[in-house]
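Fold and geometry: a report
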Amino acid sequence: MVRRADQLTWGNPPLLILGSLAGGPKHGYAIVQDVAEQAGITMGPGTLYGALSRLEERGLVEALPGDERRRPYRLTAEGAAALSERLADMSRFARTGLARLSAAHP
Amino acid sequence: MIRLLLACYPPSFRDRYGAELAALVEDTGAGPRVWWDLATGAAGAWLRPVFVGAPAERTRRRVQAGLAATWVAWCLGVLAVPVVDRALLDPPVPGANGAVRTLVTGVWPVLVLGGACAAGSALVLAWRVLLPALRSGRRDLLRPLLPAAVLLVVEALGAAGVWQLRRAYPSVWPHPSAAFVALVLAWLVGFAALGAFGAAGPPVALRRARPPVAAMRLPAVLAAGVTLALAALAVLEATAVVLGGRGPVASTGAAVAVLAAVGALLSTVRTIPAVRRP
């Protein structure tokens, strides 16, 4: 379950996790805190590990050695490429939306 | 509550993420939202299981989970057969025409075929996995199987006792005493427990044994036969219930059979490619 701060949210859990790990390896709680700070979205533990497990299965993130209860994760090269591609799409969308807004409501 | 919800996740998920998930719940705190989140997360993990790790280990876990899912589905499907049979034919409902009777009785040979595949799969696993493990001193594999074994003996003795009572005192049978009714109810509770332990025990033992894929290949092929039987059984029962009048008990029985068949089919479709892989 993702608790949203507003209705026009743009994030989905896998993307938010990849975005959080772009800043460096983090364990589960650090990801939850980072996503809450950066996106205003509170991810539940089941949602986080459901998404994290699928990302790990697809090879987009990997677990690092560490405490079994607070294992850190990092982006793989494939994960970084997938995130970069998605962020570029989002960036284009944002630029277009902002340009249209400023043209219609100068 | 949290421990119960965490226990609802599939074993493979708990093995890999259970400790981290529990630590995160400790850090973030629990509450109704977290309970709901964990419950939906557990349901999602069962519906679309995730297997991480080295490719060989992922394949092994996939096949192991497929065998476990098929076994649980088979136990559920088997349970539904007498329920539908009794609900439609004992006494016959008004809609129980020849076609319905044929469908309901036609389930039993399918049950025997599926049972033969299930027994074959279990025997191969016992021969290739359980016996070698026991020879090397792995008694922990027996523990999950013991409750079902004990209950099986108790229930068989109980059924034999009831049958003897019925034979010895036929005139008393239509008006049983309260003590006798209580005994029969206890037998039924024991039967339900036997079903639950019988369904859960072998998958737990299999998980503890961690057998290689090679040992599970033939059982997985036989499990595909179990799935086919389960699918045929579900189709026959659902059709019989639709034709024979949809009483609540018969409908529930057929719904359980259909759910079990769908679960087994989904699992088998995902398992077979893993078994084929060299």
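Residues numbered from 1 in each chain as written. Chains lettered and ligands numbered in written order. Predicted model: local features only at pLDDT ≥ 70, side-chain atom pairs only at ≥ 80, totals over all residues. Heavy atoms only, no water.

**Section: the overall build of chain A**
When helices and strands are tallied, chain A shows four helices and four strands. Put simply, chain A runs from its N terminus to its C terminus through helices and strands in the order β-α-α-β-α-β-β-α. The principal-axis extents of the C-alpha atoms in chain A amount to approximately 55 × 30 × 20 Å. Residue pairs in contact within chain A that sit at least 24 positions apart in sequence constitute 53% of those at least 6 positions apart. Split by element, the accessible area of chain A, about 6100 Å² in all, is 54% carbon and sulfur. Charge-centre separation for chain A: the mean point of 13 positive side chains lies 5 Å from the mean point of 11 negative side chains. (Helix = DSSP H or I, 4+ residues; strand = E, 2+ residues; numbered from the N terminus. Contact = heavy atoms within 4.5 Å. Areas by Shrake-Rupley, 256 points an atom, 1.4 Å probe, with all protein chains shown as cover. Lys, Arg positive; Asp, Glu negative; His and termini not counted. Charge placed at Lys NZ, Arg CZ, Asp CG, Glu CD.)

**Brief notes about the environment of B:Pro10**
Residues and elements named next belong to chain B. Residue position: Pro10 is located in the loop between α1 (2–7) and α2 (11–28). Along the primary structure Pro10 and Val50 are separated by 40 residues, whereas in three dimensions their C-alpha atoms are 9.5 Å apart. Aside from chain neighbours lying at most four places away, what touches Pro10 is Ala42, Ala45 and Trp46.

**Focus on the UniProt feature "domain: Transcription regulator PadR N-terminal" (unreviewed entry) in chain A**
The UniProt feature table records "domain: Transcription regulator PadR N-terminal" (unreviewed entry) at residues 17–84 of chain A. Secondary structure across residues 17–84 of chain A comprises 56% helix and 13% strand; the distance between its end C-alpha atoms is 13 Å. (UniProt positions renumbered as here; feature names shortened; annotations may be inferred.)

**Observations concerning a nonpolar patch on the surface**
All names here are of chain B. Judged by side-chain polarity, Val72, Leu76, Leu79 and Phe191 come together as a nonpolar surface patch covering roughly 320 Å² of accessible area. Here the nonpolar patch gets three residues from one element, more than from any other, and that element is helix α4 (residues 55–89). Along the chain, the position of Val72 falls in helix α4. Relative accessible area serves as the criterion here: at 34%, Val72 is assigned to the partly exposed category. (Patch = residues over 30% accessible without salt bridge, like charges linked within 9 Å, V, L, I, M, F, W, Y side chains within 5 Å. Salt bridge = Lys/Arg side-chain N within 4 Å of Asp/Glu carboxyl O. Buried < 20%, exposed > 50% of the residue type's maximum accessible area, 1.4 Å probe, protein only.)

**Quick word on the domain arrangement of chain B**
Residues and elements named next belong to chain B. Domain annotation for chain B reports domain 1 (1–50) and domain 2 (58–143 + 189–276). The centre of domain 1, based on its C-alpha atoms, is set 27 Å off from the matching centre of domain 2. In this assembly, seven residues from domain 1 lie in contact with four residues from domain 2. Taking both sides of the interface into account, the surface hidden between domain 1 and domain 2 amounts to around 460 Å²; carbon and sulfur atoms contribute 39%. Among the residues of domain 1 in contact with domain 2, Ser12, Asp15 and Pro49 are the three that bury the most area, contributing 59% of the side total. Counting the contacts that link domain 1 with domain 2 gives one salt bridge. Here domain 1 and domain 2 share two residue pairs in polar contact (both at pLDDT 80 or more) between them. Among the residues forming the side of domain 1 that touches domain 2, the class breakdown is three nonpolar, one polar and three charged. (Domains from an automatic or database assignment. Buried area = accessible area lost by both parts, 1.4 Å probe. Polar contact = N/O pair within 3.5 Å; in protein donor to acceptor, adjacent residues only side chain to side chain. Nonpolar A, V, L, I, M, F, W, Y, C, P; charged D, E, K, R; others polar.)

**What to know about the interface of chain A and chain B**
Contact residues are listed per partner, giving 23 residues for chain A and 25 residues for chain B. Between chain A and chain B, a total of about 2200 Å² is buried, with carbon and sulfur atoms accounting for 55% of that surface. Counting the contacts that link chain A with chain B gives five salt bridges. One salt bridge connects B:Arg48 with A:Glu57, and the closest N-O pair in it is separated by 3.5 Å. One can count 12 residue pairs in polar contact (both at pLDDT 80 or more) joining chain A with chain B. With 11 residues, helix α3 (residues 45–57) of chain A is the largest single contributor of residues to the side of chain A that touches chain B. The residue inventory of the side of chain A that touches chain B, partitioned by class, reads nine nonpolar, six polar and eight charged.

**Things to note about helix α6 (residues 146–168) of chain B**
With 23 residues, α6(B) extends 33 Å from end C-alpha to end C-alpha; this agrees with the ideal 33 Å at 1.5 Å per step. Along α6(B), the residues that are buried comprise B:Ala148, B:Leu151 and B:Glu155. (Expected span 1.5 Å × (residues − 1).)

**Notes on the side chain of B:Glu237**
On the secondary structure map, B:Glu237 appears in helix α8 (residues 213–244). One buried charged side chain, B:Glu237, makes no salt bridge at all; its nearest oppositely charged neighbour is B:Arg86, positioned 12 Å away.

**Overview of the packing of α4(B) against helix α5 (residues 98–135) of chain B**
All names here are of chain B. Relative to each other, α4 and α5 sit at 155°, their axes nearing to 10 Å. Taken as axis vectors, α4 and α5 run roughly antiparallel relative to one another. The way α4 lies across α5 gives a crossing that is left-handed. On the side of α4, the interface is formed by Leu67, Trp71, Trp74, Val78, Val81, Asp85, Leu88 and Leu89, while α5 contributes Val100, Arg101, Val104, Val107, Trp108, Leu111, Gly114, Gly115, Ala118, Ser121 and Leu125. Of the residues belonging to the contact of α4 with α5, the class tally is 14 nonpolar, three polar and two charged. (Axes fitted to C-alpha atoms, helices over the stretch in contact; angles between N-to-C directions. Parallel < 35°, antiparallel > 145°, perpendicular 65-115°, else oblique. Left-handed = near helix turned anticlockwise from the far one by under 90°.)

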